Amino acid sequence: MGAEAGATIRGACVKDLQALLSFYESLDPESLYRRFHGAVKDLEEYVESLKRSRAFVAIAEVGGEIVGAGEAVPVGGGAVEVGVAVRKDMRGKGLGTAMARGLLGLCRERGFWRFVAYTDASNLPALRIARKFGASVSYEGDLAIIIFELPSPSEQR
Ligand SMILES: CC(C)(COP(=O)(O)OP(=O)(O)OC[C@H]1O[C@@H](n2cnc3c(N)ncnc32)[C@H](O)[C@@H]1OP(=O)(O)O)[C@@H](O)C(=O)NCCC(=O)NCCS
């Protein structure tokens, strides 16, 4: 997918899943809450489920170590749920934006046209990334719902 801030960004495969789990397990509780908005209780099961759900997974690595990861999980109706996380000391260097861009490009190529993300309403970095892509943001209490849509296949005809 490319390089950003000294990190290599690439699509992940099955043999990366153990390292992906270790990456998520290394995140602090606030980062995990922001990434999964409380919906994921069991990280091992979540990572395992990525295979079943045919998710698109991007990882950012420095020296072979994962410093960021993002997933786009197909949720039906041409939509994917997107989430990204970057290790604290690697934030603010463009990695979150680059992984989101990579995932969007990959999903678009595969015919997905609706991108949804959930986070907490005070998550300014995530909201800035959303705005860069021209996504719309709505709020349900503390939850921010980010939606980015391309013209649907029927609209393109
Ligand atoms: C959200 C997250 C992935 C962003 O990663 P990142 O690598 O720092 O992203 P970028 O470097 O591309 O920065 C994204 C934007 O946030 C801004 N930003 C970074 N830190 C910020 C802060 N503390 N306050 C406000 N804005 C901030 C950057 O300036 C950038 O905006 P700009 O390009 O308009 O200047 C990272 O903060 C993270 O892992 N958070 C915990 C998990 C999470 O919240 N995931 C998102 C919900 S799924």
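Anything mentioned here points back to the structure above.
Source: prediction; values computed, not measured.

**Q** Would you mind going over the sheet that holds strand S8 (residues 143–149) with me for this structure?
**A** Across a sheet, strands are paired by hydrogen bonds formed along the backbone, either parallel or antiparallel in direction. Overall, mixed pairing links the 8 strands, which are arranged S1-S2-S3-S4-S5-S6-S8-S7 in an open sheet. Here the strands that pair on one side only, and so sit at the sheet edges, are strand S1 (2–4) and strand S7 (136–140). Taken over all neighbouring pairs, the strand axes of this sheet differ in orientation by 25 degrees on average, direction set aside. Here 7 bridges tie strand S6 (residues 114–120) to S8, and the two strands are oriented antiparallel to one another. From the neighbouring strand, Arg 114 faces S8, where its bridge partner is Glu 149.

**Q** Honestly, helix H4 (residues 95–109) in this entry has me stumped. Any pointers?
**A** Think of an α-helix as 3.6 residues a turn; residues three or four steps apart then line up on the same face. Helix length check: H4, at 15 residues, gives a terminal C-alpha distance of 21 Å against a target of 21 Å (1.5 Å per residue), a fit within 8%. Regarding H4, the residues found buried are Leu 95, Gly 96, Ala 98, Met 99, Ala 100, Arg 101, Gly 102, Leu 103, Leu 104 and Cys 107. Downstream of H4 by one or two residues, Gly 111 has phi in the positive range, about 95 degrees.

**Q** Would you mind going over the nonpolar core with me for this structure?
**A** General note: in soluble globular proteins, nonpolar side chains tend to be found buried as a group. If you look at the biggest cluster of nonpolar residues, it comprises 36 residues, and the most contacted ones within it are Ala 58, Met 99 and Leu 103. Listed by contribution, the elements that provide at least two residues to this core are strand S2 (7–11), strand S3 (56–62), strand S4 (65–76), strand S5 (79–86), H4, S6, helix H5 (124–132) and S8. The element best represented in this core is H4, accounting for 7 residues. Aside from chain neighbours lying at most four places away, what touches Leu 103 is Phe 56, Ala 58, Gly 70, Ala 72 and Val 82.

Rules and cut-offs
- Residues numbered from 1 in each chain as written.
- Predicted model: local features only at pLDDT ≥ 70, side-chain atom pairs only at ≥ 80, totals over all residues.
- Pairing = 2+ DSSP bridges.
- Helix = DSSP H or I, 4+ residues; strand = E, 2+ residues; numbered from the N terminus.
- Axes fitted to C-alpha atoms, helices over the stretch in contact; angles between N-to-C directions.
- Expected span 1.5 Å × (residues − 1).
- Buried ≥ 20, exposed ≤ 12 C-beta atoms within 10 Å, placed from the backbone.
- Core = buried A, V, L, I, M, F, W, Y, C linked by C-beta atoms within 7 Å.
- Contact = placed C-beta atoms within 7 Å.

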